[in-house]
Structure formats: C-alpha cells, structure tokens
Amino acid sequence: MRRSVLDPLIRSRAARTPGVDLLLGHRVTALVREAERTAGVRASTGAGEREIGARLVVGADGKDSAVAKLCGVPSRLHENGRFGYLAHFRGLPLHGGIGHTWFLEPDMAYAFPNDDGVTVLAVLPDKKRLPAFREDLEGSFFSFVRALPQAPPIDDAERISKIVGTVDYPLVSRRPTAPGVAWIGDAALTGDPLWGVGCGWALQSAQWLTEAVAPAATRRGDLDRSLAVYARRHRRRLRGHQSLAIDYARMSHLLSVVCSHGRQTRLCTARRRARADRRPRRGPGTPAADATRRLLRPHGVGSGRGGPAASAMDPTVIVPGVVAC
Ligand SMILES: Cc1cc2nc3c(=O)[nH]c(=O)nc-3n(C[C@H](O)[C@H](O)[C@H](O)COP(=O)(O)OP(=O)(O)OC[C@H]3O[C@@H](n4cnc5c(N)ncnc54)[C@H](O)[C@@H]3O)c2cc1C
C-alpha cells in the first residue's frame, strides 16, 4: 500500500475514534517537565504556541525523534552499507502475482504489489556504487532492474512516480521509555528499509504500548510499571530482528557467494570458514551473525554443501551464501 493511501487512512481512523482529539498542524518544540518527569508538550501551531499537559507523552515522531532529543534520550546509530531508490509503476506484472526479493549480495532489490494495480520497485545497492549510480539516476535505476535475474518487464511499464531514495540511512535504536514518555515506531527503533517492515513495526509497537498502559492511562494502574512492561515486550519482540538487520546492513560479516542461474562461485576458503567456526561465540554481533547464517543455510548456498543447492533455489528468490568472519 502506498503512503498516499495509508497515511490518510490512519488519520481518518484516528479522527473517528471516540476520545481522540486530532490536532493537525502542531509541531512539538519543547517538553513540559514536572519533578523529573515529562508531563506534557509545548507545540507550535498556526495560531501560535500552546501547552498540552499529559500523563503520558508518546513520541511517534520518526527516526530523528524530536521528543527523544528534547528528553535527552540517546540514540544508537548503526551504519547502513547500502543506499536505496524506489519508484512506483503501473502495468508491471510480477511472476505469480506476488512480491519478489533479490539478494544478490551485497546488492539487493525488491518488487512488491501495492494498492490499485501499482507495483513498487526498489533497488538497494552497495554504497560503493553510489557516485556512479547518481551520475545518471534514471539510467542506473533502469539498468539495475534490467540486469536482475528474471527481471520484471520495466521497459513495458508506466512509471507513475519520481525515483526517490535515501543515500544515508543508518539504523537507529533507542530505549523505548522514560518517565512519562514512550516511543513507538521509528522513534523507538528504525530498521533498514530493505526489509519493508517499518510500518508494520510502527503499528505493532503502538498496539503493544496501548495494551500495556491502557489501565494505567485511565488511572487504574501504575504507569511506570506499565511502561516497563511495554519496554520489555518491545525489546523481546524486536531486538533480535534489529540485530539481524544491523548485521546485514553493516555487511562486514558477509563474504559473498555469487549466484547466477545455477552457477555458484565461492569467495571464501574452507580454511577461513573453519577459522570462523572456531572463533569464541561472544560479542554483540555474534548471535545475529549466527542467526543470519541459520536463516540462510536451509537454502544450501555457502553452507559447505555442494552444487545442488543453487538449482534447488526458487529462481526468483536469490539467496547468497553467508559465512561469519
Ligand atoms: C526509502 C524507504 C522505503 C521504505 N519502505 C518501506 C516499506 O516498503 N514497508 C514498510 O513497512 N516500511 C518502509 N519504510 C519504513 C517506513 O517508512 C517507516 O518505518 C515508517 O514510516 C515509520 O513510521 P512512524 O510513524 O514511526 O514514523 P514516520 O512515518 O517517520 O512519521 C513520523 C511523523 O512525526 C512527525 N513529526 C516529526 N517531528 C515532529 C514534531 N516535532 N512534532 C510533531 N510531529 C513531528 C513527522 O512529520 C511524521 O509525520 C521505508 C523507509 C524508507 C526511507
């Protein structure tokens, strides 16, 4: 679903919900503090500044969260080794009518059916390619797609949007609560757009917060305890995914295996693999590297098994081999 459809849908749903006052055109500029707690916000509006008191302020203000900055909550940034551009097309049929993802290692691409017969096509190459890619953005985008295995017929389709993108998109993690404040969506945790899960996580984390704080918000419970319940659930449900995404975005633990039409070339040696296997399992990156390896191993490529793996792959989902190093 395109944002031009999703965002108005969410806004109108909010406006129709009993108990919600939807205040459009408000920008949070400061927090109201009372006894070491956040107790509301100051916002600039078309009609000037106003103050809004609240038992709980929810920062749903995205990756560069102003509420987090104003509250002094630190952000952890994780490098993303890829850049990304996307565009929307009409008349771009996808094989089987389903989404496709190309893991070409390190480059990546996806094509997903959106609403109203529209398809979104995204390319996410290695950042090393950025200067050359930008010299002719449209030409580079189209050439990249044409070169994909079983490429969607991009030259027969109608492009109905600009090619838009992001050239530096670090992943962000924050503690999702502070006294009187909670963060949801990208403000709490910004993943890699490559996985296409950010909107789902935003809505899901909003639901977790609601479930945790509803009794306390209606003054029947302990708000701080409820926030701790939310923080725990957020951490347990999303931290593993984020670790995996951070590892994959960093690309440093990946050694590529080139796959094309059943041919695979190993770029790692058995000795290097053995060394990686002997390495003690500790440090923050290791569990995620293991998880990545486990995730991709069933496809057989780069797992130390032989050639049949490539031919056993679904030809439209190209999964490269991964080894820890
Ligand atoms: C190129 C790209 C492709 C992506 N593709 C996908 C995809 O296919 N699927 C998917 O699920 N996700 C995708 N994502 C991720 C997705 O966009 C985000 O995860 C999602 O938008 C997060 O929603 P959010 O509400 O937390 O934050 P946002 O959508 O960033 O919304 C934050 C809102 O807060 C407002 N705001 C900011 N500061 C203030 C302030 N001081 N006062 C008041 N309001 C403020 C902003 O104006 C904005 O409206 C993609 C991201 C990128 C960059």
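Just so it is clear, the model here is predicted, and its values are computed rather than measured.

J.: Outline the environment of His78, listing residues and values.
T.: Of note, His78 is situated in strand E5 (residues 76-78). C-alpha of His78 to C-alpha of Ser243: the two residues are 165 residues apart in sequence and 10.0 Å apart in space. Once you skip the residues sitting within four places of it in the chain, His78 turns out to touch Pro170, Leu171, Ser173 and Ile246.

J.: Explain the pairing of strand E9 (residues 118-124) to me, and be specific about the residues and the numbers.
T.: As a general feature of sheets, a regular strand has side chains that alternate between the two faces. In terms of burial, E9 is a largely internal element, seven of the seven residues being buried. Neither face of E9 is left uncovered, since the one carrying Val118, Val120, Ala122 and Leu124 and the one carrying Thr119, Leu121 and Val123 both have all their residues buried. Both strand E6 (residues 84-90) and E9 contribute to a ladder of six bridges, which runs antiparallel. Pairing of Phe89 across the sheet is with Thr119, part of E9. Relative to E9, strand E8 (residues 108-113) runs antiparallel, the two being bridged by six bridges. Each bridged residue has a counterpart across the sheet, and for Ala111 the counterpart in E9 is Leu121.

J.: Got a sec to walk through the packing of helix H5 (residues 198-217) against helix H6 (residues 223-250)? Specific residues and values, please.
T.: Contact geometry for H5 and H6: axes closest at 8 Å, N-to-C directions at 155°. One way to sum up the angle between H5 and H6 is to call them roughly antiparallel. H5 and H6 meet at a crossing whose hand is right-handed. On H6, the residues touching Trp201, Ser205, Trp208, Leu209, Glu211, Ala212, Val213 and Ala216 of H5 are Leu223, Ser226, Leu227, Val229, Tyr230, Arg233, His234, Arg237, Leu238, His241 and Gln242. Taken together, the residues that form the contact of H5 with H6 break down as eleven nonpolar, five polar and three charged.

J.: If you had to explain the site of the ligand to someone new, which residues and values would you point to?
T.: Lining the immediate environment of the ligand, one finds 20 residues, of which Arg3, Val28, Asp186, Gly198 and Cys199 sit closest. At 2.8 Å, a side-chain N or O of Asp186 approaches an oxygen atom of the ligand. Here an oxygen atom of the ligand and a backbone polar atom of Gly198 are 3.2 Å apart. When the ligand sits alone it has 990 Å² of accessible area, and the protein chains cover 62% of it.

Rules and cut-offs
Residues numbered from 1 in each chain as written. Predicted model: local features only at pLDDT ≥ 70, side-chain atom pairs only at ≥ 80, totals over all residues. Heavy atoms only, no water. Helix = DSSP H or I, 4+ residues; strand = E, 2+ residues; numbered from the N terminus. Contact = heavy atoms within 4.5 Å. Buried < 20%, exposed > 50% of the residue type's maximum accessible area, 1.4 Å probe, protein only. Pairing = 2+ DSSP bridges. Axes fitted to C-alpha atoms, helices over the stretch in contact; angles between N-to-C directions. Parallel < 35°, antiparallel > 145°, perpendicular 65-115°, else oblique. Left-handed = near helix turned anticlockwise from the far one by under 90°. Nonpolar A, V, L, I, M, F, W, Y, C, P; charged D, E, K, R; others polar. Near = heavy atom within 4 Å. Polar contact = N/O pair within 3.5 Å; in protein donor to acceptor, adjacent residues only side chain to side chain. Areas by Shrake-Rupley, 256 points an atom, 1.4 Å probe, with all protein chains shown as cover.

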